[in-house]
Amino acid sequence: MSNKTNSDAPIMADEVLSKSEAWILKYKTPIIAVIAAIVIIMVGSMAYSKFIAEPQEKEAAEAMFAAENLFAAKDFEKALNGDGVNLGFLQIADEYGSTDAGNLAHAYAGMALAQLGRYEDAIEELEAFDGDDQIVAPAALGTLGSCYAQTGDAAAAAKYFVKAAEKADNNSISPFYLLQAGNIYEKEGNASKALKIYEQIKNDYSTSTIAADIDKYISRVK
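This section reports on the structure supplied with the text.

Thresholds applied
- Residues numbered from 1 in each chain as written.
- Predicted model: local features only at pLDDT ≥ 70, side-chain atom pairs only at ≥ 80, totals over all residues.
- Heavy atoms only, no water.
- Helix = DSSP H or I, 4+ residues; strand = E, 2+ residues; numbered from the N terminus.
- Contact = heavy atoms within 4.5 Å.
- Areas by Shrake-Rupley, 256 points an atom, 1.4 Å probe, with all protein chains shown as cover.
- Salt bridge = Lys/Arg side-chain N within 4 Å of Asp/Glu carboxyl O.
- Core = buried A, V, L, I, M, F, W, Y, C linked by side-chain atoms within 4.5 Å.
- Buried < 20%, exposed > 50% of the residue type's maximum accessible area, 1.4 Å probe, protein only.
- Axes fitted to C-alpha atoms, helices over the stretch in contact; angles between N-to-C directions.
- Parallel < 35°, antiparallel > 145°, perpendicular 65-115°, else oblique.
- Left-handed = near helix turned anticlockwise from the far one by under 90°.
- Phe/Tyr/Trp six-rings, centres within 6.5 Å; stacked < 30°, edge-to-face > 60°.

1. A short note on the overall build of the chain
Scanning the chain for helices and strands turns up 11 helices and zero strands. When the helices and strands of the chain are read in sequence order from the N terminus, they spell out α-α-α-α-α-α-α-α-α-α-α. Of the contacts made within the chain by residues no fewer than 6 positions apart, 46% connect residues no fewer than 24 positions apart. When the accessible surface of the chain is summed, it comes to about 13,700 Å², and 56% of that surface belongs to carbon and sulfur atoms.

2. Examining the pattern of salt bridges
Summed over the entire model, instances satisfying the criterion amount to four salt bridges. Here Asp132 and Lys167 are joined by a salt bridge, their closest N and O atoms 2.4 Å apart. Remark: Lys167 occurs in helix H8 (residues 154–168) and Asp132 occurs in the loop between helix H6 (119–128) and helix H7 (136–150); sequence separation between them is 35 residues. Of the charged contacts, one joins Arg220 and Glu186 as a salt bridge, the two residues approaching to 2.6 Å between their closest N and O atoms. Residue Arg220 is found in helix H11 (residues 214–221), and its partner Glu186 is found in helix H9 (residues 173–187); the two are separated by 34 residues along the sequence.

3. So, the nonpolar core
Core analysis: the biggest nonpolar cluster contains 60 residues, and Phe71, Phe89 and Tyr198 have the highest contact counts within it. For Phe89, the contacting residues outside a window of four places in its chain are Met64, Ala67, Glu68, Phe71, Ala79, Leu80, Ala105, Tyr108 and Ala109.

4. Concerning the environment of Gly142
Turning to its location among the elements, Gly142 is positioned in helix H7. Looking at Gly142, the relative accessible area reads 4%, which means it is buried. Sequence-wise, Gly142 and Ile173 are 31 residues apart; in three dimensions their C-alpha atoms are separated by 9.9 Å. The residues contacting Gly142, other than those within four sequence positions of it, are Phe161, Ala164 and Tyr177.

5. Considering the packing of H9 against H11
Contact pair H9 / H11: the axes reach a minimum separation of 12 Å and the direction vectors enclose 20°. Regarding the angle of H9 to H11, the classification is roughly parallel. Judged by the twist between their axes, the crossing of H9 over H11 is left-handed. In this structure, H9 contributes Leu179, Asn183 and Glu186 to the contact, and H11 contributes Ile214, Tyr217, Arg220 and Val221.

6. Details of the environment of Ala140
Tracing the backbone shows Ala140 in helix H7. Setting aside residues up to four positions removed in sequence, Ala140 forms contacts with Ala107, Leu126 and Phe129.

7. Quick look at the packing of aromatic side chains
Applying the stated criterion across every chain yields a total of eight aromatic pairs. A centroid spacing of 5.3 Å and a plane angle of 85° characterise the contact between Phe71 and Tyr108, whose relative ring orientation is edge-to-face. Here Phe71 is found in helix H2 (residues 28–72), whereas its partner Tyr108 is found in helix H5 (residues 100–115), with 37 residues between them in sequence. The two residues Phe71 and Tyr108 agree in class, both being buried.

Structure below.
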């Protein structure tokens, strides 16, 4: 016959249930408060998305369409500041900064400012852009490289040209950006870094038009 006491006996399912019910009853108020808070946050988030974020995204995208047309027409001043009817990139970035279109406006504003020779302002806008695609992001990074080169910061210029090449990761744009970086290193007297860049063009982008002439650059820094 077993010598185990009742305290050693396995807990039955109904006992577990009763303990759970007792715990819920004891902490009912804080539990309800927490659940209510979660629901409020979820509903609030959905409401923000439906009634605020989505309309803002649509408005920003519509504003971007007009500004992009001005940019394509090389009317950079109006693309930046608007044409009296439509907003420019600067206003879109300011008013719709939380939207995807507002973020994109920073990139376009930076590139437009660079075209107007306002390199410091361009750098500020371009660094505010947070993009990871393979079209706008490389262009923004490459423009940053150009702006830093114009302001005399060779190290930053080379860094951003390399980043632009990595982001683009294609046979036509990447060698171009890498060549810019290599040229900067060469002009700064850093032959070893320039050589590394030129050899990267030759090895990684061998079928590009730039690679066809890269041997002369390699021999120049060896």
